[in-house]
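Analysis of the macromolecular model
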Amino acid sequence: MSKQQPLFNLIEDLSGDLRDPSMLWQIAALVVSAILGWTLARLLRKYFGRNENRGDIMRFGVESVGRVVPPMLVVGLLVLSRLVLLKYYQHPNNLLKVAIPIFGSLAVIRFAVYLLRRVFARRGEISPTMLAFEKIFQVLVWLAFVVYITGMWDDVYLYLDNTILPMGKYKVSIADVLQAIVSVVVMLMLALWAGTALEEWLMRLQGMHTSLRVVLSRTVRAVLILAAVLVS
């Protein structure tokens, strides 16, 4: 199976795999990776969450991170399984090729929701606007997955890359604009998340004046935001 191809070719390849002995190994790898990934994530969540004497940074967002780690572990195990199967079976392993981006999309969605709620949800309150934004983001991620898996990704990207927007003296493509927006948003979210973690840690310090803690947290957050914009 090529990197990008129409949906009917993908279905045909998956149907062809049913007659190949490696299909059983792919199914076994998928099931084992899913079970092992969620089990390891649950054990890690219990390990880091059970000890209340750990540092605030270590315990920061353990409950939320527990939703992010499982699909990430599954993706890693699936990639490892595919490499092993490719070594012993010279076969495209189409089932694993489909499963990896599915769990990858789930990891992206959960990670984005985790960052949004850690940065913007105060005292556990989630506004309707945030919920609506989360749903829109989920739809966009799954739409990107569908475009990729059906082989339309190259065509969509070429169209966006060839569509030029005049901006004063310069001309940029829609693809460049979207890449810039994604880069800035991702870096800003990471910077705000780090700033929130540091702020919660500073506010729990007992040997420092409250005003100084507020000044430090705001200063560090501003520096992180500036660094995120420059890096992106």
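Residues numbered from 1 in each chain as written. Predicted model: local features only at pLDDT ≥ 70, side-chain atom pairs only at ≥ 80, totals over all residues. Heavy atoms only, no water.

Moving on, we get to the overall build of the chain. Per the secondary structure count, the chain includes 10 helices and two strands. Within the chain, contacts between residues at least 6 apart in sequence are counted, and of these 66% link residues at least 24 apart. Accessible surface computed for the chain: about 15100 Å², of which carbon and sulfur atoms make up 69%. (Helix = DSSP H or I, 4+ residues; strand = E, 2+ residues; numbered from the N terminus. Contact = heavy atoms within 4.5 Å. Areas by Shrake-Rupley, 256 points an atom, 1.4 Å probe, with all protein chains shown as cover.)

Throughout the structure, instances matching the rule amount to two aromatic pairs. Measuring from centroid to centroid gives 6.3 Å for Trp38 and Phe103, while their planes differ by 65°, and the two rings are edge-to-face. You can see Trp38 sitting in helix α2 (residues 22–50) and its partner Phe103 sitting in helix α6 (residues 94–120), a full 65 residues away along the chain. (Phe/Tyr/Trp six-rings, centres within 6.5 Å; stacked < 30°, edge-to-face > 60°.)

Right, let's talk about the confidence of the model for the chain for a bit. Per-residue confidence for the chain averages 77 on the pLDDT scale, and 80% of its residues sit at or above 70. Model confidence for the chain, summarised as mean pLDDT per element, is weakest for helix α3 (residues 56–59) at 48 and strongest for helix α5 (residues 69–88) at 85. Note on residues 1–5: pLDDT is under 50 here. Beyond four places in sequence and across chains, it has 15 contacts. Every residue in residues 52–58 is under pLDDT 50, and counting partners more than four places away or in other chains gives nine contacts. (pLDDT = per-residue confidence, 0-100.)

Across four bridges, the pairing between strand β1 (residues 164–167) and strand β2 (residues 170–173) is antiparallel. When the bridges of β2 are listed, Ile164 appears paired with Ser173. (Pairing = 2+ DSSP bridges.)

Here the largest pocket defines a volume of roughly 1400 Å³. Lining of the largest pocket is provided by 34 residues; of these, Phe137, Leu140, Val141, Ala144 and Val182 occupy positions nearest its centre. Where the lining of the largest pocket is concerned, the elements lending two or more residues are α6, α7 (128–149), α8 (153–162) and α9 (174–203). By residue number, the principal contributor to the lining of the largest pocket is α9, which donates 11 residues. Residues that form the lining of the largest pocket fall into these classes: 31 nonpolar, three polar and no charged. (1 Å grid on protein atoms, 1.4 Å probe; cavity = no way out; pocket = protein on both sides within 12 Å on 5 of 7 lines; lining within 4 Å. Points joined across faces, edges and corners; volume = space filled by probe spheres on them. Nonpolar A, V, L, I, M, F, W, Y, C, P; charged D, E, K, R; others polar.)

In this section: the side chain of Ser217. Among the structural elements, Ser217 can be located in helix α10 (residues 210–231). Note on Ser217: relative accessible area 6%, which makes it buried. Excluding its chain neighbours within four sequence positions, the residues that come into contact with Ser217 are Glu199, Leu202 and Met203. (Buried < 20%, exposed > 50% of the residue type's maximum accessible area, 1.4 Å probe, protein only.)

Relative to the helices and strands, Leu230 is located in helix α10. Separated by 43 residues in sequence, Leu230 and Met187 place their C-alpha atoms 9.5 Å apart.

Next up on the list: a nonpolar patch on the surface. A cluster of nonpolar side chains, Leu24, Ile27, Val31 and Ile35, forms an exposed patch at the surface whose accessible area comes to about 390 Å². Its location among the elements puts Ile35 in helix α2. A relative accessible area of 53% places Ile35 in the exposed class. (Patch = residues over 30% accessible without salt bridge, like charges linked within 9 Å, V, L, I, M, F, W, Y side chains within 5 Å. Salt bridge = Lys/Arg side-chain N within 4 Å of Asp/Glu carboxyl O.)

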